[in-house]
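Notes for the structure review
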Amino acid sequence: MMIDENISVIKIRDVLLVTMPPDPDDSSISLLQEKVLSAMEQFPVKGVVLDISAVQTLDSFFARMVAETAQMVVLMGGKTVIAGMQPSVAITATQLGLTMGSTLTALNADLALDMISDAF
Amino acid sequence: MQPDLESKTKKEILQELRNYRTIFEISGAGIAIVEDDTTISSVNTAFEKLFGYSKEEIEGRQKWIELCVAEDRDRISGYHLQRREALTLAPHNYEARFIHKNGSFVDAYVTAVLLPETKQSILDLIDISDLKRTEEALHKSREELESGFKERTAELEKLNEALQAEAGDRKRAEDSFKEANAYLENLINYANAPIIVWGPDFKIIRFNRAFERLTGYRTVDVIGKSLEILFPDAQKEESMSLIHSATSGERWDVVEIAITHIDGTVRTVLWNSATLFAEDGVTIISTIAQGQDITERKRAEEIVSRQSREILEISTPVLQVWERIVVAPLIGTLDSMRTQQLMEQLLQRIVETNSLVAMIDVTGVPAIDTQTAQNLIETISAVRLLGAQVVLTGIRPAIAQTLVHLGIDLSNVNTCSSLSTGLGYALDLLKIQVVHKA
């Protein structure tokens, strides 16, 4: 499937690194949730780092799905950090009133990995 | 005839007399014999008919002169006397008007001769009344014609005068028109503003001095050329479409169109236009546009806007005070424009410096209202989305009171009273310890 190639879920040590494509559509975001959760089941990882540094636009569906996925990961015993949000995306998101709930955020994937390691 | 008379016999003479008498009687012309004192002594039947009197009423009773109309009497009695003085003095034939018994006029052509060796005259009258009437009618119609002609002439003269007066008026009007035209011509030519007129085919009709200065073209070089030559290549199409819309009757109030100088420089000109229509209100005669060179103003405006942008940027500096700590000291009122600027700058700096803590210092902000607080909260959540934390510092007592009174909830924002305590808090967050040198 074409959509599969756009989202990569890689396990590095005890972390799942998920990279989002620049302009994700709704179906690929849904697919992301499934892939993340099945990987959580498959590998004993501490947490998930969602790298959205390439994403240029953010809509309410995306924000909700990310917040929901983070909650689901917490339920499965991990934690989620969203990394690398672009300043312009952050501005749009706040102006639209979109929040990621209590999801953790990090400036970049490197710091996100630190945050996950620190938790233990 | 007279010499023969002596030699003829009495019988013959009588016979002749009878003959003459018969001729006298049956003659179609009225014949009368008039005595010296103008008493009519003898008339014929035709004469009776002519005047309506019977022989008995006339002969020996009526005077010839009395049959005439009053105005002819002197003339005719004159002729009567003259004829008796000398035969040649009086005219042989004349026309005269007489009065019929019933009062109507009788016009007659009279031939008068003296009977030889007597004072009697013999008159021969031919009725010319009809002729006369025709003549009169003719005369009258001729007079009418003449008077008509005169009237017509008078009318024509009057008309002519009127025409001349009108021509004079027209001349004056033309003069004043010329004057006005010259005035307008000068007005257009020497106006400070560039003025251009073009026809429905977008060919230049008029081009004033100011336009010459603006473009460097000479009037003679551009008349009849398309408007396109005036625009810089890049904007030709756009400008022409604007002009099309102006010509189709839409009036521009103010439109900015760039005009290119012959040397290649481009001037920004503010235009307004008006289209002149023919009397039918549809056909376009020409379009006139007047411009105002705003290149300098435009440049000044650009400078001002750039400077104000710079000032805005300077007014919201974002400084790095420690590794992974940035500070945004805010001074002055926070409007939405500045908040936007602050947010952009702050997020940018956070990403650039890889900072984890952003301190927003509001010591210099005179007051915080709902709007300002809302703007700050937005900024704080945007920073959080990036993965950094915000420490709001410099909350003075007055501001703390206002925030509480307004019911603004900042409970999930780290707040400190001063910048220095905020810095301590930020260092704590980053697990950095600052120690005195031994």
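See above for the structure.
A brief look at the structure comes next. Please read these numbers as outputs of a predicted model, since none were measured by experiment.

Thresholds applied
- Within each chain, residue numbers correspond to sequence positions counted from 1 in written order.
- Here every chain gets a letter starting at A, and every ligand a number starting at 1, in the order they are written.
- For a predicted model such as this one, the threshold for reporting local features is a pLDDT of at least 70, and the threshold for listing and counting side-chain atom pairs is 80 or more; totals across whole chains, interfaces and linings nevertheless cover every residue.
- Only hydrogens and water are set aside when side-chain values are computed; all heavy atoms of the structure are taken into account.
- Salt bridge, as used here, is a side-chain nitrogen of Lys or Arg placed within 4 Å of a carboxyl oxygen of Asp or Glu.
- Secondary structure elements are taken from DSSP: a helix is a run of H or I of four residues or more, a strand is a run of E of two residues or more, and numbering for both begins at the N terminus.
- Relative accessibility under 20% of the residue-type maximum defines a buried residue, over 50% an exposed one, and the middle range a partly exposed one, all with a 1.4 Å probe and only protein chains included.
- Paired strands, as defined in this entry, are two strands with at least two bridges between them according to DSSP.
- Should any heavy atoms of two residues lie within 4.5 Å, those residues are counted as being in contact.
- Accessible area, probed at 1.4 Å, shrinks when two parts are joined; the buried area is that loss added up over both.
- Think of a polar contact as two N or O atoms within 3.5 Å of one another; within protein, one of them needs to be a possible hydrogen donor and the other a possible acceptor, and neighboring residues in sequence only count if both atoms come from side chains.
- Residue type decides the class: Asp, Glu, Lys and Arg count as charged, Ala, Val, Leu, Ile, Met, Phe, Trp, Tyr, Cys and Pro as nonpolar, and the leftover types, Gly among them, as polar.
- Geometry is summarised by axes, namely lines fitted to C-alpha atoms with helices restricted to the contacting stretch, and by angles between N-to-C directions that run from 0 to 180 degrees.
- Here a crossing is called left-handed whenever its near helix is offset anticlockwise from the far helix by less than a right angle, and right-handed whenever the offset is clockwise.
- Here the term patch refers to residues with relative accessible area over 30% and no salt bridge, with like charges joined within 9 Å and nonpolar side chains (Val, Leu, Ile, Met, Phe, Trp, Tyr) within 5 Å.
- Accessibility throughout is a Shrake-Rupley quantity obtained with a 1.4 Å probe, and a residue counts as covered only by protein chains that appear here.
- We count Lys and Arg on the positive side and Asp and Glu on the negative side, and we leave His and both chain ends out.
- Throughout, a charge is located at the NZ atom of Lys, the CZ atom of Arg, the CG atom of Asp or the CD atom of Glu.

Here we take up the pattern of salt bridges. All names here are of chain B. Across all of its chains, the model carries 23 salt bridges over all chains by this definition. For the salt bridge of Glu-166 with Arg-170, the shortest nitrogen-to-oxygen distance reads 2.8 Å. With Glu-166 and Arg-170 both in helix α7 (residues 129-190) and 4 residues apart, the pair spans about one turn of that helix. Glu-166 gets classed as partly exposed once you look at its relative accessible area, which sits at 39%. In this structure, Arg-306 and Glu-310 form a salt bridge, with 3.9 Å as the shortest nitrogen-oxygen distance. Here the residue Arg-306 and the residue Glu-310 both occupy positions in helix α11 (residues 295-315), the gap between them amounting to 4 residues, near one helical turn. Salt bridges linked by common partners bring Arg-267, Asp-293, Glu-296 and Arg-299 together as one network.

Residues and elements named next belong to chain B. Pairing between strand β1 (residues 30-34) and strand β5 (residues 121-127): 5 bridges, direction antiparallel. Pairing of Gly-30 across the sheet is with Leu-125, part of β5. The loop that links strand β4 (residues 105-114) with its antiparallel partner β5 comprises 6 residues; one of these, Glu-117, has a positive phi angle of about 65 degrees.

Chain A puts 15 residues into the contact, and the matching count from chain B is 18 residues. Summed over both partners, the interface of chain A with chain B buries about 1,400 Å², with 67% contributed by carbon and sulfur atoms. Applying the counting rule to chain A against chain B returns 0 salt bridges. Our count for the chain A to chain B interface comes out at 5 residue pairs in polar contact (both at pLDDT 80 or more). Within the residue set of the side of chain A that touches chain B, elements represented by two or more residues are α4 (87-96) and β5 (104-106) of chain A. Looking at the side of chain A that touches chain B, the element that brings in the most residues is α4 of chain A, giving 6 residues. Per-class residue counts for the side of chain A that touches chain B are 10 nonpolar, 5 polar and no charged.

The next thing to look at is the packing of α11 of chain B against helix α12 (residues 336-353) of chain B. All names here are of chain B. Taken N-terminus to C-terminus, the directions of α11 and α12 make an angle of 65 degrees; their axes are 9 Å apart at the nearest point. Both α11 and α12 take part in a crossing whose hand is right-handed. Residues Leu-312, Glu-313 and Ser-315 of α11 form the contact with α12, whose participating residues are Met-337, Arg-338, Gln-341 and Gln-345. For the contact of α11 with α12, a count of residues per class yields 2 nonpolar, 3 polar and 2 charged.

All names here are of chain B. Within strand β12 (residues 325-331), 5 of the 7 residues are buried, which leaves it mostly tucked inside the rest of the structure. Where strand β11 (residues 319-322) and β12 come together, 3 bridges link them in antiparallel fashion. Bridge pairing in β12 places Leu-319 opposite Val-327. Where β12 lies against strand β13 (residues 357-364), 6 bridges are found, and the strand directions are parallel.

Glancing now at a negative patch on the surface. A surface patch of like charges, here negative, comprises Asp-23, Asp-25, Asp-26 and Asp-59 of chain A. As for its placement among the helices and strands, Asp-25 of chain A is situated in the loop between β2 (15-19) and α2 (26-42).

Bringing a nonpolar patch on the surface into the picture now. Residue and element names in this part refer to chain B. A cluster of nonpolar side chains, Leu-319, Val-321, Trp-322 and Val-434, forms an exposed patch at the surface whose accessible area comes to about 340 Å². With respect to the helices and strands, Trp-322 occurs in strand β11. Since its relative accessible area comes to 34%, Trp-322 is described here as partly exposed.

Residue and element names in this part refer to chain B. With respect to the element layout, Ala-210 can be found in helix α8 (residues 209-215). For Ala-210, a relative accessible area of 5% gives the class buried. Spatially, the C-alpha atoms of Ala-210 and Asn-189 are 7.5 Å apart, while their sequence positions differ by 21 residues. Once residues within four sequence positions are removed from consideration, Ala-210 is found in contact with Asn-189, Ala-191, Asn-192, Ala-193 and Pro-194.

Residue and element names in this part refer to chain A. With mixed pairing, the 5 strands of this open sheet are ordered in space as β1-β2-β3-β4-β5. The sheet is open, and its two borders are formed by β1 (8-12) and β5, each paired with just one other strand. With strand direction ignored, the average angle separating the axes of adjacent strands in the sheet is 25 degrees. Summarising the sheet, β1 and β2 pair through 5 bridges and their orientation is antiparallel. Residue pairing for β2: Ile-12 is matched across the bridge by Val-15.

Hydrogen bonds between backbone atoms are what pair the strands of a sheet, whose relative direction is either parallel or antiparallel. Residue and element names in this part refer to chain B. Read across the open sheet, the 5 strands follow the order β7-β6-β10-β9-β8; overall the sheet is antiparallel. Because the sheet does not close on itself, it has two edges, and the strands there are β7 (204-207) and β8 (255-260). Across the sheet, the mean angle from the axis of one strand to that of its neighbour is 35 degrees, orientation sign disregarded. Across 9 bridges, strand β9 (residues 266-277) lies against strand β10 (residues 284-293) in antiparallel orientation.

Turning to α4 of chain A, its buried residues are Pro-87, Val-89, Ala-90, Ile-91, Ala-93 and Thr-94 of chain A. In this structure, the buried residues of α4 of chain A make contact with α12 and α13 (370-386) of chain B. Just beyond α4 of chain A, the residue with positive phi is Gly-97 of chain A, at close to 80 degrees.

Take it as geometry only, folks, not as evidence of what the structure does.
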